Amino acid sequence: MSRPLLEVRGLHHWFGGLHVIDDVSFSCRAGIVKAIIGPNGAGKTTLFNLIAGSIVPAEGSIVLDGRQTAGLPPHRVAALGISRTFQATRLFPGMSVLENVMVGRYLQTRGGFLAGMIGPALTARGDAAARRECRGILDELGAGHLADQEATRLPFGRQRVVEIARALAAAPRLLLLDEPACGLNPSETETLGTLIAGIRQSGITVLIVEHDMSLVMGVSDEVLAISAGRRIAEGTPREVQADPEVVAVYLGDPDVSRP
Amino acid sequence: MKAYLTRYLPILGLAILVAALQAALSALKLEYYMTQLTMAAYYTLVSLGLCLLMGYAGQVSMGHGGFFAIGGYGAAVIAGLGIASWLSIPAAVLIAALVAAAVGVPALRLRGHYLAMATLAFGIIVLRVLLGTKLFGEADGLSDIPGFRLFAGIAISGKRALRVQNYYIAWTLVVVGMLLAVNLVNSRVGRALRAIHGNEDAAAAMGVPVARYKLATFVLSAVYAALGGACLAHFNGGIGPGEASVLKSVRYVALVAAGGMGSLWGTLAVSTVLTFLSLRGAFGLYDDAVFGAILVVIMLFAPDGILRLLGIRR
Amino acid sequence: MGAAPLLQYLLAGIATGGVYAVVAIGFSIVYNATGIINFAQGEFLMLGGMIAISLARILPLPVAILAAVLVTGLAGVAVQLVFLSWLKSPTVLRMIIITIGLSILLREAGLHIWDEKVHALPFFSGDETSSIALLGARVSPQVLWVLGLSALMVVSLGLFFRSTLLGRAMRACASNPTAARLCGIRASTVVTLSFFLAAAMGALAGCAISPLTQTRYDMGSSLAVKGFTCAVLGGLGSIPAAVTAGLVVGILEAASVSVLPLAYKDVVAMGILLVILFVRPQGLFTRRRAR
């Protein structure tokens, strides 16, 4: 069997004296949707930040398809094929939806300062192709009609979709979705589930942090449960849901929405 | 296609306006205005570069007068060495670029107030060095700077006979500078810069090499400034330490702010008009006060610049 | 070089260092209350000196100084109320530019209300020829005035922040504005008071050094940058650290005259600023990372 796409080994991190990630190890096969669940403060977003490169782990290794990524700056990690969304959407203000997604296309396009200054003679074709591809991605996500609107003025749910489009524009191998269902109503969540399934269909591996159990149960192939920075269970959704330690950790946590 | 028209038509318009203005001034025997318009053009180059840095990459610089001065003094000193007359401007600009790279690497790791203060300190250091060094003429600056021969009979120089010529040289530089800047802003790099300005972490997550781009923009803006300084030194035949003063540096910031941080055309318009008026002495003794007031008023009431206020986008 | 001239330089350096420390404290007070660096801080020293010089022509010196301190303090309040108080969550860039613009306006006001010439307050005791023997060096009594007044301000400020209700309220506001509001502390009062304190202290320092270094309409900006150097060196927000940093910078600057040409003296502080910003922006005395 081929090696997993993502392998995390012995990850440790501290914020001040707080041991926020405590010996976390897991792996993720290519082509699946894997959910990371856990109560608030368990360290899920920190884990994402470590994988995406915005934080350098104190200890441990993160290997993407054989390449060590721990310690690389975020733009290098992105260049290796990891793309992400953020818990609170971080669309670029003052830019349209299409322009936001075009930034996502950065790694798939060419041209530096010199080429940029010389202008369309050199870059027109590449730019036009990028524009078409980005419009295509927006259309697939049902947001094509929003292309020219100012991204940060959109309603919250639409902004999330745009951020996913932007992350997809990077043609990643691994997509990190940080609580994409946060603030969505049940029908929007269902659409999101279909969307994620479609992303998996296109060959992209998805790692998703989520509280919404219906989404987790419905769309993920594997689940990793963490609590207080430590891994407590890993397996299929059914297995993890039935795990006694998971049940114990969740009982009494009012922030988890049950299916 | 329409996008290209909106992008390049104004540049063509600018070129036509420049020529028309020259024709009008010559016809009305008001040619002496061209001297100040030429100088205004060189100062506007600084503002354009600063607009790229502040408006697009979102990095503040309170020391761009320092780069203008490095360009001007560099050209003057190198021309004075008498080695090769074509060397002064390119060499001065190169020196400014190297200094910008050296200063930029550590400075651009800073944000907000710290970056502003670091660039302010840089400008003051340049000023003090100029004031304290014999080679740079101390408080008197440098004079008797020869003209800069371009080709045939064309030279950057303050000679009365070459006035019209120099007006066109200066404004050609501005038009070309504008063309390059407009292209850059609409390119992949331009989008990346705006993304950096909008949210650095998200930009990095999309693969944009944030630190490298900030540095490149900083150096590019220094190149614009130094080019303006070097050409002005040859045109005026002299340069003084005041070019590196805090007030001068703040002026450029005021012009970019008033033009609308992210607007190249706004910056061009505001910079040309206000610099020309200032050079003509229109503000009298209140020259510096005017620019200070502009900063305050614009930032209080129209932080997106005057053009936005008038309803004009970009 | 003998010890006596060196000592002379050092003492002069400590005096200017005391002034830099006051500027640094002014920055810190406003920064703690508002999160902004008020680039116009240096101008308060200029205004205090200029106003005192004008008033000293008709009033006894101590009264003139007191009046100048109060008027400048009120000017600081006016600046805050008129220009800054009604801004709703402005960006850092915007605040930087506004306070720089204000600094220019104040400086130009100084130019047009007075003039471009150099002025000076009379020496507080004695005149420009008096000197006191101190450890083998001769030092002007004004230097001791500067040190004494600076020390007095620092100590009073420390007591104010530690022992008075208002002072503690200001500290609360600085560390946790929301909790402070919930306890009934009005943020706007704290901000206004901060500006008053920073301006008034600046004015007193400006009066104290006026006999030694003279007062000119444009003295504000270099004082501001040097004061900021000390504030950053000490770690923005800590008063004892600002004082230490002020003395360090003042002494280094004075000592530099023995190795560098006089013209480069100002570069010393700038150089220190750049080194600190590049190497350790959180200052020498703090442990947390800088923004």
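Residues numbered from 1 in each chain as written. Chains lettered and ligands numbered in written order. Predicted model: local features only at pLDDT ≥ 70, side-chain atom pairs only at ≥ 80, totals over all residues.

1. Some remarks on the overall build of chain B
Right, so step 1: A count of helical and extended segments in chain B gives 13 helices and two strands.
Right, so step 2: In terms of C-alpha radius of gyration, chain B reaches 19 Å, essentially the compact-globule figure of 20 Å for 314 residues.
Right, so step 3: With the C-alpha coordinates aligned to their principal axes, the bounding extent of chain B is approximately 55 × 45 × 40 Å.
Right, so step 4: By residue count, 57% of the 314 residues in chain B fall in the buried class. (Helix = DSSP H or I, 4+ residues; strand = E, 2+ residues; numbered from the N terminus. Rg over C-alpha atoms; globule rule 2.2 N^0.38 Å. Buried ≥ 20, exposed ≤ 12 C-beta atoms within 10 Å, placed from the backbone.)

2. Remarks on the interface of chain B and chain C
Right, so step 1: Each partner contributes to the interface: chain B provides 32 residues, whereas chain C provides 30 residues.
Right, so step 2: Mapped by element, the contributors of at least two residues to the side of chain B that touches chain C are helix 5 (112-132), helix 10 (246-259) and helix 12 (287-301) of chain B.
Right, so step 3: Taken together, the residues of the side of chain B that touches chain C break down into 25 nonpolar, four polar and three charged. (Contact = placed C-beta atoms within 7 Å. Nonpolar A, V, L, I, M, F, W, Y, C, P; charged D, E, K, R; others polar.)

3. What to know about the sheet that holds strand 2 (residues 18-28) of chain A
Residues and elements named next belong to chain A.
Right, so step 1: Read from one edge of the open sheet, four strands run 2-1-4-5, paired in antiparallel fashion. In this open sheet, the two edge strands, each paired with only one partner strand, are strand 2 and strand 5 (67-68).
Right, so step 2: In terms of strand pairing, strand 1 (residues 6-15) meets strand 4 (residues 59-64) through five bridges, oriented antiparallel. Bridged to Arg9 within strand 4 is Ser61.
Right, so step 3: In this fold helix 1 (residues 44-52) packs onto strand 1, strand 2 and strand 4, with an angle of close to 65° to the strand it touches most, strand 2. (Pairing = 2+ DSSP bridges. Axes fitted to C-alpha atoms, helices over the stretch in contact; angles between N-to-C directions.)

4. Here's the deal with the interface of chain A and chain B
Right, so step 1: Contacts between the two partners involve 31 residues from chain A, matched on the other side by 26 residues from chain B.
Right, so step 2: Its residues assigned to classes, the side of chain A that touches chain B comprises 17 nonpolar, ten polar and four charged.

5. A look at the pairing of strand 2 of chain A
Right, so step 1: Here strand 1 of chain A pairs with strand 2 of chain A via seven bridges, running antiparallel. In the sheet register, Glu7 of chain A faces strand 2 of chain A, and the bridge partner there is Ser27 of chain A.

6. Describing the sheet that holds strand 6 (residues 82-84) of chain A
Residues and elements named next belong to chain A.
Right, so step 1: Read across the open sheet, the six strands follow the order 6-7-8-3-9-10; overall the sheet is mixed. A strand with exactly one partner marks an edge of an open sheet, and here the two such strands are strand 6 and strand 10 (230-235). If you compare each strand with its neighbour and ignore which way they point, the axes differ by 20° on average.
Right, so step 2: Relative to strand 10, strand 9 (residues 222-227) runs antiparallel, the two being bridged by five bridges. Within strand 10, the position partnered with Ile226 by the bridge is Arg231.
Right, so step 3: Across the sheet, helix 7 (residues 186-201) touches strand 3 (33-37), strand 7 (174-178) and strand 8 (205-209), and the angle it forms with strand 8 is around 150°.

7. With respect to unusual backbone geometry
Right, so step 1: One non-glycine residue, Ala228 of chain A, lies in positive phi territory at about 50°.
Right, so step 2: Looking at the secondary structure, you find Ala228 of chain A in the loop between strand 9 and strand 10.
Right, so step 3: In this model, Lys29 of chain B sits at a positive phi of 55°, which is unusual for a non-glycine residue.
Right, so step 4: Assignment of secondary structure puts Lys29 of chain B in the loop between helix 1 (2-27) and helix 2 (33-56).

8. With respect to helix 6 (residues 156-169) of chain A
Residue and element names in this part refer to chain A.
Right, so step 1: A rise of 1.5 Å per residue sets the reference length of helix 6, with its 14 residues, at 20 Å; its end C-alpha atoms lie 20 Å apart and thus fit the reference within 8%.
Right, so step 2: Along helix 6, eleven of the 14 residues are buried, which leaves the element largely enclosed by surrounding structure.
Right, so step 3: Residues of helix 6 that are buried include every one of Gln159, Arg160, Val161, Val162, Glu163, Ile164, Ala165, Arg166, Ala167, Leu168 and Ala169, and no others.
Right, so step 4: The inward-facing, buried residues of helix 6 contact strand 6, helix 3 (97-104), helix 5 (120-140) and strand 7.
Right, so step 5: Backbone geometry just after helix 6 places Ala171 at a positive phi near 50°. (Expected span 1.5 Å × (residues − 1).)

9. A closer look at the confidence of the model for chain C
All names here are of chain C.
Right, so step 1: Looking at chain C, pLDDT values average 83 and 95% of them are 70 or higher.
Right, so step 2: Averaged over each element, pLDDT in chain C is lowest for helix 7 (residues 177-182) (71) and highest for helix 2 (residues 41-55) (93).
Right, so step 3: The ipTM value of the predicted complex is 0.89, and its pTM value is 0.90. (pLDDT = per-residue confidence, 0-100.)

10. Focus on the packing of helix 3 (residues 64-81) of chain B against helix 10 of chain B
Relative placement of two packed helices is described by the angle separating their axes and the distance separating the axes.
Residue and element names in this part refer to chain B.
Right, so step 1: Helix 10 packs onto helix 3 with a crossing angle of 115° between their chain directions and a minimal axis gap of 7 Å. The orientation of helix 3 relative to helix 10 falls into the category roughly perpendicular. Along its contact with helix 3, which presents His64, Gly65 and Gly66, the element helix 10 presents Lys248, Ser249 and Tyr252. (Parallel < 35°, antiparallel > 145°, perpendicular 65-115°, else oblique.)

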